[in-house]
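Spelled out, the chains give:
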Amino acid sequence: MKPVRILFVCLGNICRSPLAEGILRYQAQDRPIEVDSAGTGGWHIGDPPDRRSIAVARRHGIDIAGQRGRKVHVGDFEDFDLILAMDRSNLANLKALAPAGSAGKGHLFLDFTLGQDRDIPDPYYEGPEGFETVYHLLSEGCSSLVGKLERLS
Ligand code: 4NP
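Residues numbered from 1 in each chain as written. Predicted model: local features only at pLDDT ≥ 70, side-chain atom pairs only at ≥ 80, totals over all residues. Heavy atoms only, no water.

Asks: Any chance you could explain the overall build of the chain here in plain terms?
Replies: Tallying secondary structure elements over the chain gives six helices and four strands in all. Overall, the chain shows an N-to-C arrangement of helices and strands of β-α-β-α-α-β-α-β-α-α. Taking 2.2 N^0.38 as the reference for a compact globule, 153 residues should give roughly 15 Å; the C-alpha atoms of the chain span a radius of gyration of 14 Å, in line with that estimate. A principal-axis box enclosing the C-alpha atoms of the chain has dimensions of 40 × 30 × 30 Å. Looking at the 153 residues of the chain, the share that counts as buried comes to 48%. Contacts spanning at least 24 positions in sequence make up 72% of the contacts within the chain whose residues lie at least 6 apart. Looking at the chain as shown, the accessible area adds up to about 7500 Å², and 52% of this sits on carbon and sulfur atoms. Each charge sign in the chain was given a centre, from 18 positive and 21 negative side chains, and these centres are 1 Å apart. (Helix = DSSP H or I, 4+ residues; strand = E, 2+ residues; numbered from the N terminus. Rg over C-alpha atoms; globule rule 2.2 N^0.38 Å. Buried < 20%, exposed > 50% of the residue type's maximum accessible area, 1.4 Å probe, protein only. Contact = heavy atoms within 4.5 Å. Areas by Shrake-Rupley, 256 points an atom, 1.4 Å probe, with all protein chains shown as cover. Lys, Arg positive; Asp, Glu negative; His and termini not counted. Charge placed at Lys NZ, Arg CZ, Asp CG, Glu CD.)

Listed below in structure tokens is the structure:
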């Protein structure tokens, strides 16, 4: 079976989207998916995730320390089936980059997964509790996504 290719996008690719990537890979287990993450900004290319994202993932039994930051690029619209942005600003930047006819691959994460028209808040300037909140939102959304993908296959 052809894997569904999913890309998560945030601003820096060190806090939210790497966490979403690790959570979905963990929850999907042996299901046929390919998952990656990227940032709309290029400040953290090659960097590991933020230590607070690594820590919250580790507390929930998920290891994301080996992931590295990269910037989203136009070829991602060819390489992925579904591109989920963490917040509306990320989605607007993503859609501005999309080649003609492919902007429909981009959606707001919580809207697509849980039908909630709201952002995953940026935890970069928050304490550890902000990262815990983000973890739970992402975990709930990814779990719904796994169910959706199962129904599609
Ligand atoms: P993220 O959070 O978009 O969830 O990775 C941020 C990380 C870094 C920056 C902003 C947001 N930054 O300005 O470097």
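Asks: Mind showing me how you'd approach the site of the ligand here?
Replies: Every residue lining the ligand is accounted for by Cys10, Leu11, Gly12, Asn13, Ile14, Cys15, Arg16, His44, Asp122 and Tyr124. Between glycine 12 and the ligand, the recorded distance is 2.8 Å, taken from a backbone N or O atom to an oxygen atom. Measuring from an oxygen atom of the ligand, one finds a side-chain N or O atom of arginine 16 at 2.7 Å. Expressed as a share of its isolated accessible area of 350 Å², the protein-covered part of the ligand is 90%. The residue inventory of the shell around the ligand, partitioned by class, reads five nonpolar, three polar and two charged. (Near = heavy atom within 4 Å. Polar contact = N/O pair within 3.5 Å; in protein donor to acceptor, adjacent residues only side chain to side chain. Nonpolar A, V, L, I, M, F, W, Y, C, P; charged D, E, K, R; others polar.)

Asks: Any chance you could explain the sheet that holds strand 2 (residues 33-39) here in plain terms?
Replies: Within a sheet, neighbouring strands are paired by backbone hydrogen bonds and run either parallel or antiparallel to one another. What the four strands build is an open sheet, ordered 2-1-3-4; its pairing is parallel. The sheet is open, and its two borders are formed by strand 2 and strand 4 (106-108), each paired with just one other strand. The sheet shows a mean angle of 25° between the axes of neighbouring strands, taken without regard to direction. Strand direction decides the pairing type here: strand 1 (residues 4-10) and strand 3 (residues 82-85), joined by four bridges, are parallel. Its bridge partner lying in strand 3, isoleucine 6 is registered against leucine 82. Of the strands in this sheet, strand 1, strand 3 and strand 4 are in contact with helix 4 (residues 88-97), which crosses strand 4 at around 170°. Helix 6 (residues 128-152) rests against strand 1, strand 2 and strand 3 of the sheet, and its axis sits at about 155° to strand 1. (Pairing = 2+ DSSP bridges. Axes fitted to C-alpha atoms, helices over the stretch in contact; angles between N-to-C directions.)

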